[in-house]
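Each chain, letter by letter, is given below.
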Amino acid sequence: MRDYIDGAVFRDMILCAFDALEASEQAINELNVFPVPDGDTGTNMCLTLGSAATDLRRNDAAPTLTAVADRVASALLRGARGNSGVILSLLFRGLSKGLKKLETATAAEYAAAMGSGVDAAYKAVMKPAEGTILTVSRLTAEAAKNCSQQTADFEEVFDSALTSAKAALADTINQNPVLTKAGVVDAGGYGYVVMLEAMLAFLRGEVAVSAKAAAPAAQKKADFGAFAAEDIKFTYCTEFIVRRSGSKSSDMLRAYLENIGDSIVVVDDDGIIKTHVHTNDPGKALTKALTYGALLTVKVENMREQHTTLENGAKDEPAPAAGSEPDAIPEPVPAEKPIGTVCVCAGAGLEELFRQLGADGIVSGGQTMNPSTEDILRAVNLTPAETVFVFPNNKNIIMAAEQCAPLTTKNVIVIPTKTVPQGISAMMRLTPDGAPEALTAEFTEALASVHTAQMTYAARDSDFDGHAIHAGEYLTLMDGALVGSFTETDAAVTRLAAEIEPLSPEFITVYYGADVSKADAQQVADRLSEAYPSAETSVIGGGQPVYYYIISVE
């Protein structure tokens, strides 16, 4: 019988939970209902918990339980990706507060702390939906509390909590209409159950913490003043890891990357493909990567900007403090102006457009590759402004962006843009000397004036709202709702044109993706212009992955 857990035990419980989550990542991704290739719940939860696992493995000391819980909560908050990752971070953030000042925790104390985690998650979600990870975690905590009032056996309490979690997960299919139609359980809830199973298995001695490679030694800093920015042929250093979902040869990926860049490294091993490439169009590289499986990690850096920054600051920059991490979050830079902006998007064309509209920082990400809170926080802290507006431009990134506010001394205001056109429309109203309150009202008003149509492809067979969808078909959506699926793009565009009619458009902008030619995009724009001759129609190369076309209608 185990009466309590300490910091060392809790640390290993978390590490085992991460190992199990990582092994189940693809299975969790495949529970995402809609057939658009955006199944990323498993990836987001993995990357989020992975930030804590990495931090714990770098610090092998055996501190108190509260110290370990605080490290886990801090790492999860900064590494949170997507709604599922943010909710997971909130559960552990509340848990750490419940374990505050405890060197060890009894079953009753741990159960109470789980309840604190659930409270934190529910309070942070504006409109909590049942039949999700929230429901599963709530019923799990309630079961743990009830059982801890009957027994002091930690493993027995945890087993009772897990039994309740599995029952709650099974019931999500009945609570959420979308899950009911698809015949699947909630992906986030499933990931949470996977974690609990691994944590209990460790307590019982059924699994052990796996050995992981140590972090690579720090390398000597390069002399960036030795070459000019003009010598950089390809702008973006692009790195990503793909978890394989098929047997297609990585040689095809390597050959493709050789056509769009250089400095290529493709390592295909143990079910993942780790890739590095210098290119002018990272969107094309990422889109091609998605044909091999889910993206686990993505990093895109502008080497020209890095060169300029490092060259200018290399002489005056003090040496880093001993023990500091190379990728640590920078301290907020001094404010040089009242207002700054950070925008999230994927695609070189969209990045350039946001910069032209006045964006101070660009965070690479979007559908299938949600940036973490840490990624967004880094851009916020590097923006030399008192108030920083953040435009997530994707509904799954809004929560991660909102977690930045308590982590910086800057005034962070998140404008809940759910699409790139909404972000562009809002940024067009930017006045650098405007008051934060007035700008917030202006930006928010802009969201209601723009509608977003999208065209992508179905990654798998599905049934949505009674509509049979087949893998490989072109899917059209309007403001997130399915319009239809088609075997030919002409039919898809015709249906979209009809869907636009009630909106009486004045402006139509077609942003074409990485796998679309300008000529094809112009044909789509011409079709829409014929249908609405009074609307001003334009074509812009967005370079975005996943979506062939993103169409703004105002």
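Residues numbered from 1 in each chain as written. Predicted model: local features only at pLDDT ≥ 70, side-chain atom pairs only at ≥ 80, totals over all residues. Heavy atoms only, no water.

## Some thoughts on the environment of His467
Right, on to step 1. Position of His467 relative to the elements: it lies in strand 13 (residues 467-469).
Right, on to step 2. Residue His467 is classed as partly exposed on the basis of its relative accessible area of 29%.
Right, on to step 3. Separated by 17 residues in sequence, His467 and Gly484 have C-alpha atoms that sit 7.8 Å apart.
Right, on to step 4. If we skip the residues at most four places from it in the chain, His467 touches Ser462, Leu482, Gly484 and Ser485. (Helix = DSSP H or I, 4+ residues; strand = E, 2+ residues; numbered from the N terminus. Buried < 20%, exposed > 50% of the residue type's maximum accessible area, 1.4 Å probe, protein only. Contact = heavy atoms within 4.5 Å.)

## Comments concerning the side chain of Thr476
Right, on to step 1. Mapped onto the fold, Thr476 is located in strand 14 (residues 474-478).
Right, on to step 2. Excluding anything up to four places from it in sequence, Thr476 contacts Gln454, Met455, Ala481, Leu482, Val483, Gly484, Phe486, Ala492 and Leu496.

## Digging into the pattern of salt bridges
Right, on to step 1. Summed over the entire model, instances satisfying the criterion amount to 17 salt bridges.
Right, on to step 2. A salt bridge links Arg57 to Asp19; the shortest N-O distance between them is 3.6 Å. A residue pair is termed long-range when its members are at least 10 positions apart, and Arg57 in helix 3 (residues 41-58) and Asp19 in helix 1 (residues 7-23) qualify at 38 residues.
Right, on to step 3. You can call Asp19 buried: its relative accessible area is 18%.
Right, on to step 4. Across the salt bridge formed by Glu445 and Arg429, the nearest N and O atoms sit 3.4 Å from each other. Taken as a pair, Glu445 in helix 18 (residues 436-447) and Arg429 in the loop between helix 17 (420-427) and helix 18 lie far apart in primary sequence, 16 residues in all. (Salt bridge = Lys/Arg side-chain N within 4 Å of Asp/Glu carboxyl O.)

## A short note on the sheet that holds strand 17 (residues 536-541)
Right, on to step 1. Read from one edge of the open sheet, 6 strands run 15-14-11-18-16-17, paired in mixed fashion. Every other strand in the sheet has two partners, leaving strand 15 (481-486) and strand 17 as the edge strands with one partner each. When strand polarity is set aside, the average angle formed by the axes of neighbouring strands in this sheet is 15°.
Right, on to step 2. Two elements, strand 16 (residues 507-512) and strand 18 (residues 549-553), share 5 bridges in a ladder whose sense is antiparallel. Bridge pairing in strand 18 places Val510 opposite Ile551.
Right, on to step 3. Of the strands in this sheet, strand 16, strand 17 and strand 18 are in contact with helix 20 (residues 518-531), which crosses strand 16 at around 160°. (Pairing = 2+ DSSP bridges. Axes fitted to C-alpha atoms, helices over the stretch in contact; angles between N-to-C directions.)

## Focus: the packing of aromatic side chains
Right, on to step 1. In this structure the tally under the stated criterion is 8 aromatic pairs.
Right, on to step 2. Plain terms: the ring middles of Tyr457 and Tyr548 are 6.2 Å apart, the flat faces sit at 35° to each other, and that makes the pair tilted. You can see Tyr457 sitting in strand 11 (residues 451-457) and its partner Tyr548 sitting in the loop between strand 17 and strand 18, a full 91 residues away along the chain.
Right, on to step 3. On the basis of relative accessibility, which here comes to 21%, the residue Tyr548 falls in the partly exposed class.
Right, on to step 4. Of the aromatic side chains, those joined through ring pairs into one cluster are Phe10, Tyr110, Phe154 and Phe158.
Right, on to step 5. Lying across the ring of Tyr292, Lys248 places its NZ or CZ 4.4 Å from the centre.
Right, on to step 6. Its end group placed over the ring of Tyr256, Lys288 keeps NZ or CZ at 4.6 Å from the ring centre. (Phe/Tyr/Trp six-rings, centres within 6.5 Å; stacked < 30°, edge-to-face > 60°. Lys NZ or Arg CZ within 6 Å of the ring centre and 35° of its normal.)

## Some points on the packing of helix 3 against helix 10 (residues 187-203)
Right, on to step 1. At a minimum axis separation of 9 Å, helix 3 and helix 10 run at an interaxial angle of 45°. Classified by the interaxial angle, the pair formed by helix 3 and helix 10 is oblique. The crossing of helix 3 and helix 10 is right-handed. Note on element contacts: helix 10 touches helix 3 through Ala187, Gly188, Gly191, Tyr192 and Met195, opposite Thr41, Met45 and Leu49.
Right, on to step 2. Here the contact of helix 3 with helix 10 is built from residues that sort into 5 nonpolar, 3 polar and no charged. (Parallel < 35°, antiparallel > 145°, perpendicular 65-115°, else oblique. Left-handed = near helix turned anticlockwise from the far one by under 90°. Nonpolar A, V, L, I, M, F, W, Y, C, P; charged D, E, K, R; others polar.)

## Examining the pairing of strand 7 (residues 337-345)
Right, on to step 1. The element strand 7 is largely enclosed, with a buried count of 7 among its 9 residues.
Right, on to step 2. Sheet topology places strand 7 next to strand 9 (residues 385-391); 6 bridges connect them, and they run parallel. Bridge pairing in strand 9 places Val342 opposite Val390.
Right, on to step 3. Looking at chain direction, strand 7 and strand 8 (residues 361-364) are connected through 4 bridges and run parallel. Across the sheet, residue Cys343 finds its bridge partner in strand 8, namely Ile362.

## Describing helix 19 (residues 489-500)
Right, on to step 1. With 12 residues, helix 19 extends 16 Å from end C-alpha to end C-alpha; this agrees with the ideal 16 Å at 1.5 Å per step.
Right, on to step 2. Here helix 19 has its buried residues at Ala492, Val493, Leu496, Ala497 and Ile500. Angularly, the buried residues of helix 19 cover 140° about the axis, an arc narrow enough to put them on a single face. (Expected span 1.5 Å × (residues − 1). Arc of directions from axis to C-beta.)

## Focus: helix 14 (residues 348-356)
Right, on to step 1. Taken as a whole, helix 14 has its buried residues at Ala348, Leu350, Glu351, Leu353 and Phe354.
Right, on to step 2. Looking at the buried residues of helix 14, the elements they touch are strand 3 (236-244), strand 7, strand 8, helix 17, strand 16 and strand 17.
Right, on to step 3. At the C-terminal side of helix 14, Gly358 shows a positive phi close to 110°.

## Let's talk about the confidence of the model for the protein
Right, on to step 1. This prediction gives the protein a mean pLDDT of 86; 89% of its residues lie at or above 70.
Right, on to step 2. Note that residues 213-229 has pLDDT below 50 and, in this model, 11 contacts with residues that lie over four places away or in other chains.
Right, on to step 3. Low confidence marks residues 313-326, where pLDDT is under 50. Its contacts with residues over four positions away, or in another chain, come to 2 contacts. (pLDDT = per-residue confidence, 0-100.)

## With respect to the packing of helix 7 (residues 133-148) against helix 8 (residues 154-175)
Helix packing for two helices is described by the angle between their axes and how far apart those axes are.
Right, on to step 1. In contact at an axis separation of 8 Å, helix 7 and helix 8 are set at 150° when each is read in the N-to-C sense. In terms of orientation, helix 7 lies roughly antiparallel with respect to helix 8. Where helix 7 crosses over helix 8, the handedness of that crossing is right-handed. Seen from helix 7, the contacting residues are Thr135, Val136, Leu139, Thr140, Ala143, Ala144, Cys147 and Ser148; seen from helix 8, they are Glu156, Val157, Ser160, Ala161, Ser164, Ala165, Ala168, Leu169, Thr172 and Gln175.
Right, on to step 2. Tallied by class, the residues present in the contact of helix 7 with helix 8 amount to 10 nonpolar, 7 polar and 1 charged.

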